[in-house]
Amino acid sequence: MSKFKAKKQNIAIDMTPMVDLAFLLITFFMLTVKFRAPEAVEVDLPSSIADTPLPAQDILMISVSGDGRIFFGVDSKHVRLGILEKIKERYGYSFSEEEMHLFSILPEIGVPFEQLKGYLALREDERKAIDKRASIPVDSTNNQLKQWILFARYSNPKLRIVIRADERAPYPVIARVIETLKEQKIHRFNLITTFEARPQKVS
Amino acid sequence: MAAEVGGDSGAPKKGKKKGKARKPRKRPRIDMTPMVDLGFLLLTFFVLTTTMSTPNTMPVVVPPKITEKDEVEPPKIAEGKVITLLVGRGKVYHYTGVEKPELHQTDFSSQGGIRRVLLQRRQEVAARYGNPDEMIVIIKMLDEAQYKDFVDILDEMNIIQQRKYALVDITKEEVGMVEDYKKQMKSS
């Protein structure tokens, strides 16, 4: 036994194919992964059996947080700038070059028009703090969500309306949002959900 | 594959070992372990992040708002075809008919929950009108409901493939009915 032991066979596994495969997979996942812009509100989505994927563009997203605060977002920079133009026109605010740029990269906005300029002047962490309590007003006397939707559709009429709400969001708020959509003759929209398997036996 | 050229391992072949390897053929070997470690770490990361973010959408169609000036009556439907659901938080109250409707309570559980009630009602409607698709579900949300309940009830419609359903505002009488029902449950 000792005779053979002296040889000290060095076992080396050739890892090349494994590495090849691993890196192939990495490349695949890196290319397919889509990083979503950080959203202003954290939302726990409810699950449903719906399996239609979210369309990639022309999205107008209304987010509702668990405590019923409403946020508004569109996916394209172009539309965001269009909205800002409209806000300027309609409410007579003026925005500096930097404020316009900042607005164009923010994925979601949840402050009333009156506070928008102040909000854009803040630092990122201060904006985050505001996002924790801000909301777009939807009262019948001051329905700013309606204005947001109007302005957005002005810039891009093809926008698809999507509601992304937390599963704990109180229904009356959702009802207000749906009501707002109805007022603008939008009767068809989508709810974002996570996928859940369809139950087996249904007849 | 030519064995001489390949040299699949650093150790020479066991069988014929010619000459003491005074000067073993030095093929530079790169230790790939750290690279592989890193590779798999990244792989795991990307696998996890991709599967996490798969949002789907559920289409919803709501009936147009009937304003006073439109002077349009809501469409009349045979009460035998209708079931009305009043959706609360995790609970569903349902009744049929218009004359002294009797409220029943159920929930979203897959066994014996609202699905069973709806499927039963479909059979009743089928027996009377010949086609279960004649059934119409009217969904009314109570204020206590959460968004989850809303999605659940719409999902239920998709699961049983109920095409005819409408989302309607709840009336005061119906809120009263639910309140009464709850009081009754508490006292008994």
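Residues numbered from 1 in each chain as written. Chains lettered and ligands numbered in written order. Predicted model: local features only at pLDDT ≥ 70, side-chain atom pairs only at ≥ 80, totals over all residues.

(A) View of the overall build of chain A. Secondary structure assignment for chain A yields eight helices and six strands. In sequence order, the secondary structure elements of chain A are arranged as α-α-β-β-β-β-α-α-α-α-α-β-α-β. Against the 2.2 N^0.38 benchmark of 17 Å for 203 residues, chain A shows a C-alpha radius of gyration of 25 Å, more extended than a compact globule. By its C-alpha atoms, chain A is 95 × 55 × 30 Å across when sized along the principal axes. Sorting the 203 residues of chain A into buried and exposed places 30% on the buried side. (Helix = DSSP H or I, 4+ residues; strand = E, 2+ residues; numbered from the N terminus. Rg over C-alpha atoms; globule rule 2.2 N^0.38 Å. Buried ≥ 20, exposed ≤ 12 C-beta atoms within 10 Å, placed from the backbone.)

(B) Local environment of the interface of chain A and chain B. If you look at the interface, chain A gives 51 residues, while chain B gives 41 residues. Looking at the side of chain A that touches chain B, the elements with two or more residues in it are α2 (16-32), β2 (52-53), β5 (160-165), α8 (171-183) and β6 (188-195) of chain A. Per-element tally for the side of chain A that touches chain B: the top contributor is α2(A), with nine residues. Taken together, the residues of the side of chain A that touches chain B sort by class into 33 nonpolar, nine polar and nine charged. One ladder, built from six bridges, connects β6(A) with strand β1 (residues 56-61) of chain B; its direction is antiparallel. Along β1(B), the bridge assignment pairs A:F189 with B:V60. (Contact = placed C-beta atoms within 7 Å. Nonpolar A, V, L, I, M, F, W, Y, C, P; charged D, E, K, R; others polar. Pairing = 2+ DSSP bridges.)

(C) Here's a closer look at the sheet that holds strand β3 (residues 91-95) of chain B. All names here are of chain B. Taken together, five strands build an open sheet; the order of strands is β4-β3-β2-β5-β6 and the sheet is mixed. Each end of this open sheet is capped by a strand with a single partner; those strands are β4 (104-107) and β6 (165-168). The sheet shows a mean angle of 30° between the axes of neighbouring strands, taken without regard to direction. Looking at chain direction, strand β2 (residues 82-87) and β3 are connected through four bridges and run antiparallel. Directly across from L85, in β3, lies its bridge partner H94. (Axes fitted to C-alpha atoms, helices over the stretch in contact; angles between N-to-C directions.)

(D) Molecular detail of the nonpolar core. In this structure, A:V64, A:A152, A:I174, A:V177, B:V87 and B:F150 are the most contacted members of the largest nonpolar core, which totals 64 residues. Looking at which element gives the most residues to this core, the answer is α8(A), with six residues. In this view, B:V87 contacts B:V92, B:I139, B:M141, B:L142, B:A145, B:D149 and B:I153; residues no more than four positions away in its chain are not counted. (Core = buried A, V, L, I, M, F, W, Y, C linked by C-beta atoms within 7 Å.)

(E) Looking closely at helix α3 (residues 77-91) of chain A. All names here are of chain A. If you check α3, its first and last C-alpha atoms are 21 Å apart, about what 15 residues at 1.5 Å a residue would give, namely 21 Å. Residues of α3 that are buried: V79, R80, I83 and L84. Taken around the axis of α3, the buried residues stretch over an arc of 145°, which confines them to a single face. Those residues of α3 that are exposed and aimed more than 90 degrees away from the buried face are H78 and E89. Those residues of α3 hidden inside the fold are in contact with β4 (70-74), α4 (97-105) and α7 (144-155). Trailing α3 by a residue or two, G92 shows a phi angle of about 70°, which is positive. (Expected span 1.5 Å × (residues − 1). Arc of directions from axis to C-beta.)

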